[in-house]
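Residues per chain, in single letters:
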Amino acid sequence: MSAIRLPSRQEAGRALGGIFTTLEGDKRGLGEIDSSLEGALRSFLAYLWCWPAQTFLWMNVLRDMPDMRPEGAGGLLAFILAGSVFDFLSWVLPALLLYGVSGPFGFRKQYLPLVAATNWFGLIAAYIAFLPATVTYFAPVPDGIAALLSLAAYAMTIWFYFRLVRAIVDDEATLAALVTLVTLMSSLLVSSLAFGALGI
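Just so you know, these numbers come straight off a predicted model, no measurement behind them. (Residues numbered from 1 in each chain as written. Predicted model: local features only at pLDDT ≥ 70, side-chain atom pairs only at ≥ 80, totals over all residues. Heavy atoms only, no water.)

Colleague: Hey, could you go over helix 6 (residues 143-168) for me, with residue numbers and the actual values?
Modeller: For helix 6, spanning 26 residues, the distance from its first C-alpha to its last is 38 Å, which sits close to the expected 38 Å at 1.5 Å a residue. Three or more residues of helix 6 are buried, namely Ala146, Ala153, Thr157, Tyr161, Phe162, Leu164, Val165, Ala167 and Ile168. Lining the buried residues of helix 6 we find helix 1 (9-23), helix 5 (111-138) and helix 7 (173-197). (Helix = DSSP H or I, 4+ residues; strand = E, 2+ residues; numbered from the N terminus. Expected span 1.5 Å × (residues − 1). Buried < 20%, exposed > 50% of the residue type's maximum accessible area, 1.4 Å probe, protein only. Contact = heavy atoms within 4.5 Å.)

Structure (structure tokens):
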């Protein structure tokens, strides 16, 4: 296997286009996602494409908690880097857990397509979360409205991911729900660890 390289803009465009096509109900979109072993491994580097949005989200957290703001540029950089490590871990942990359950639940053949599609969908999810955060950052939105916007974005992300997974596992809704739950709970676990480690 050759060295894993950063996905190009063309590959990102194909993968994202394939996901949107699949979400529209056309499973041929899955063919646009490189689900080979190398493609699945390379899809983890798609995190670099969503790093700007993730960094903005961490800065938004600091804005809401001024008492927790690190001192100096070095402290701020360390905070962002630590948050980025946890964000990337939230991509890796679901893949590891899904491999563990893919055998017993009979979706080992769909494992690599699931990993690749999940990682590329992570790019979409990051920018879905970015939208309400941007609105609340630049506009005087009441806290209640801001919370509703974030909740709506989160619910939409889960629903879209479930639909994507269901397409990959041949429309088995129960299996798709299991995969969605494993991915969701592992991401929440990493978020909890991140907040604890960063003192938030």
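From this point, things continue past the structure.
Colleague: Please give an account of the side chain of Thr118 that cites residues and values.
Modeller: Within the secondary structure, Thr118 is located in helix 5. Given a relative accessible area of 16%, Thr118 falls into the buried group. At a separation of 2.6 Å, a polar atom in the side chain of Thr118 contacts the main-chain carbonyl oxygen of Leu114. Excluding anything up to four places from it in sequence, Thr118 contacts Tyr161 and Thr183. (Polar contact = N/O pair within 3.5 Å; in protein donor to acceptor, adjacent residues only side chain to side chain.)

Colleague: Which residues make up the packing of aromatic side chains, and what values do they have?
Modeller: A complete count under the given rule lists nine aromatic pairs for this structure. When the ring of Phe44 is compared with that of Phe88, the centres are 6.4 Å apart and the planes differ by 70 degrees; the resulting orientation is edge-to-face. Here Phe44 is found in the loop between helix 2 (37-43) and helix 3 (47-64), whereas its partner Phe88 is found in helix 4 (residues 72-102), with 44 residues between them in sequence. We classify Phe88 as partly exposed; its relative accessible area is 31%. Its guanidinium or amino end placed over the ring of Tyr99, Arg108 lies 4.2 Å from that ring's centre, counting from NZ or CZ. (Phe/Tyr/Trp six-rings, centres within 6.5 Å; stacked < 30°, edge-to-face > 60°. Lys NZ or Arg CZ within 6 Å of the ring centre and 35° of its normal.)

Colleague: How would you summarise a nonpolar patch on the surface if you had to cite specific residues and measurements?
Modeller: On the surface, a nonpolar cluster with roughly 440 Å² of combined accessible area is contributed by Val135, Ile145, Leu148, Leu149 and Leu151. Among the secondary structure elements, Leu151 is positioned in helix 6. (Patch = residues over 30% accessible without salt bridge, like charges linked within 9 Å, V, L, I, M, F, W, Y side chains within 5 Å. Areas by Shrake-Rupley, 256 points an atom, 1.4 Å probe, with all protein chains shown as cover. Salt bridge = Lys/Arg side-chain N within 4 Å of Asp/Glu carboxyl O.)

Colleague: Hey, could you go over the nonpolar core for me, with residue numbers and the actual values?
Modeller: Ranked by size, the top nonpolar core spans 38 residues in total, and within it Ile19 and Trp120 carry the most contacts. Contributions of two or more residues to this core are made by helix 1, helix 3, helix 4, helix 5, helix 6 and helix 7. Here this core takes twelve residues from helix 5, the largest share from any one element. Apart from residues no more than four positions distant in its own chain, Ile19 is found in contact with Ile33, Ala117, Trp120, Phe121, Ile124 and Leu164. Counting residues in each nonpolar core, the second largest holds nine residues, with Trp58, Leu62, Leu93 and Ala194 among its members. (Core = buried A, V, L, I, M, F, W, Y, C linked by side-chain atoms within 4.5 Å.)

Colleague: Could you give an account of the pattern of salt bridges, with specific residues and numbers?
Modeller: Summed over the entire model, instances satisfying the criterion amount to five salt bridges. Ionic pairing is found between Arg28 and Asp26, a salt bridge with its closest N-O pair at 2.9 Å. The exposure class of Arg28 is exposed, given its relative accessible area of 69%. One continuous salt-bridge network, built from bridges that share partners, spans Glu11, Asp34, Glu38 and Arg42.

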